[in-house]
Amino acid sequence: MKNLPKHVAIIMDGNGRWAKARGKIRTEGHFQGVKNVRNIAIYANELGIECLTLYAFSTENWKRPEDEVNYLMALPKFFFESYIKELMAKDIRIKMIGEMAAIPENARKIFMDAIKKTANNRGMILNFALNYGSHQEIVRAARKYADDVLSHKRQNDLDENGFADYLYTKDLPPLDLMIRTSGEKRLSNFLLYQSAYSEMVFTDILWPDFDRDVFDLCLKQYEQRDRRFGGLNEDKNN
Ligand code: FPP
């Protein structure tokens, strides 16, 4: 595939509707969803994508019923117990963005272990957004910068590049493509700063049904987009 995006982010939506359509409880949808994370991560790595960022739990998801929140917080244990060997064998590196302090201790530890274990891998970065919200990320960055100025670590000379260094994503490639499943067409507080010039692809497919073929279709759409970053594309005379 030509024009492969380096960094793809996915809002994995529709687990609940997938379950409902089959007369199952919502958590069954999340269970299919977490298994699909494995499938899509393996495929993205095979394709040569450098970084895949997945919206696993937002700062707003705490508003869900306690049982569902507990289920979602138990998914990292299932995921890494089931797949860490395979992820290691495929050279995939795990990372995480979000406010770690509020994540339950056991889930946090599981993530920290996986991050440490895969730190020297050189394949795709599989980056989980957990307890992540862009507003929180941007306010945190502003506070950190203010602290640095007040403690004379930095001058009051911030520009866009400097600001990006205060975001969770500072070490990741720029975001090229944002995908949202399940037909919703909004960003829901996900990577708002980073997606300023990303391409957006919205698909009606629910996350548990998002397979290699659907991913290929999204990548095809990306391939056909004319990215100008606010400038002109001189090849096309426009
Ligand atoms: C949105 O569907 C999905 C989520 C809030 C959870 C997504 C998480 C995963 C797929 C697994 C994450 C994996 C790890 C390892 C942490 P929804 O419940 O809002 O669906 P609905 O809109 O149909 O109700």
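Scroll up a little and you will see the structure.
The structure reproduced in this document is the subject of the present report. As the structure is a prediction and not an experimental result, all values here were calculated from the model.

**Focus on the packing of helix 3 (residues 66–89) against helix 4 (residues 105–117)**
For step 1, the next point in the chain: Contact pair helix 3 / helix 4: the axes reach a minimum separation of 9 Å and the direction vectors enclose 15°. The pairing of helix 3 with helix 4 is recorded here as roughly parallel in orientation. Where helix 3 crosses over helix 4, the two elements pack in a sense that is left-handed. The segment helix 3 lies against helix 4, with Met73, Pro76, Lys77, Phe80, Ile84 and Met88 engaging Ala107, Ile110, Phe111, Ala114 and Lys117.

**Focus: the packing of helix 2 (residues 26–47) against helix 3**
For step 1, the next point in the chain: At their nearest, the axes of helix 2 and helix 3 sit 10 Å apart, and the two run at 30° to each other. It follows that helix 2 is roughly parallel to helix 3 by the angle criterion. Along this stretch, helix 2 crosses helix 3, giving a crossing that reads as right-handed. Residues Arg26, Thr27, His30, Phe31, Val34, Lys35, Val37, Arg38 and Ile42 of helix 2 form the contact with helix 3, whose own contacting residues are Glu68, Tyr71, Leu72, Leu75, Phe78, Phe79, Tyr83, Glu86 and Leu87.
For step 2, the next point in the chain: When grouped by side-chain class, the residues that make up the contact of helix 2 with helix 3 number 11 nonpolar, 2 polar and 5 charged.

**A few points about the site of the ligand**
For step 1, the next point in the chain: In the neighbourhood of the ligand, 18 residues make up the surrounding shell, with Gly16, Arg17, Arg26, His30 and Arg64 lying closest.
For step 2, the next point in the chain: Contact distances for the ligand include 3.3 Å between an oxygen atom and a backbone N or O atom of Gly14.
For step 3, the next point in the chain: Here an oxygen atom of the ligand and a backbone polar atom of Asn15 are 3.2 Å apart.
For step 4, the next point in the chain: In the complex, the protein chains occlude 92% of the 640 Å² of accessible area that the ligand would expose alone.
For step 5, the next point in the chain: Looking at the shell around the ligand, the elements with two or more residues in it are helix 1 (15–21), helix 2 and helix 3.
For step 6, the next point in the chain: With 4 residues, helix 2 is the largest single contributor of residues to the shell around the ligand.
For step 7, the next point in the chain: Tallied by class, the residues present in the shell around the ligand amount to 8 nonpolar, 6 polar and 4 charged.

Cut-off values and rules
- The numbering scheme is per chain: residues are counted from 1 as the chain's sequence reads.
- Residues qualify for local features only when their pLDDT is at least 70, as the model is predicted, and side-chain atom pairs are given and counted only at 80 or more; totals for whole chains, interfaces and linings, by contrast, use all residues.
- Note: side-chain values were computed over all heavy atoms of the structure, leaving out hydrogens and water.
- Lines fitted to the C-alpha atoms define the axes, with helices restricted to the stretch that makes contact. Angles between their N-to-C directions range from 0 to 180 degrees.
- Secondary structure elements are defined from DSSP: runs of H or I of at least 4 residues count as helices, runs of E of at least 2 residues count as strands, and each element is numbered from the N terminus.
- Should an angle fall under 35 degrees it is taken as roughly parallel, and over 145 as roughly antiparallel, whereas 65 to 115 is taken as roughly perpendicular and any remaining angle as oblique.
- Left-handed describes a crossing whose near helix is turned anticlockwise from the far helix by less than a right angle; the clockwise case is right-handed.
- Contacts are assigned to residue pairs with any non-hydrogen atoms lying within 4.5 Å of each other.
- In this classification, the charged set is Asp, Glu, Lys and Arg, the nonpolar set is Ala, Val, Leu, Ile, Met, Phe, Trp, Tyr, Cys and Pro, and all remaining amino acids, among them Gly, are polar.
- Nearness of a residue to a molecule or strand requires only that one of the residue's heavy atoms be within 4 Å of it.
- In protein, a polar contact requires one atom able to donate a hydrogen and another able to accept it; more generally it is a pair of N or O atoms within 3.5 Å, and residues adjacent in sequence count only if both atoms are side-chain atoms.
- Using the Shrake-Rupley algorithm and a 1.4 Å probe, accessible areas are obtained, with residue cover drawn only from the displayed protein chains.

Everything listed here is a matter of coordinates, which is why it stays silent on function.
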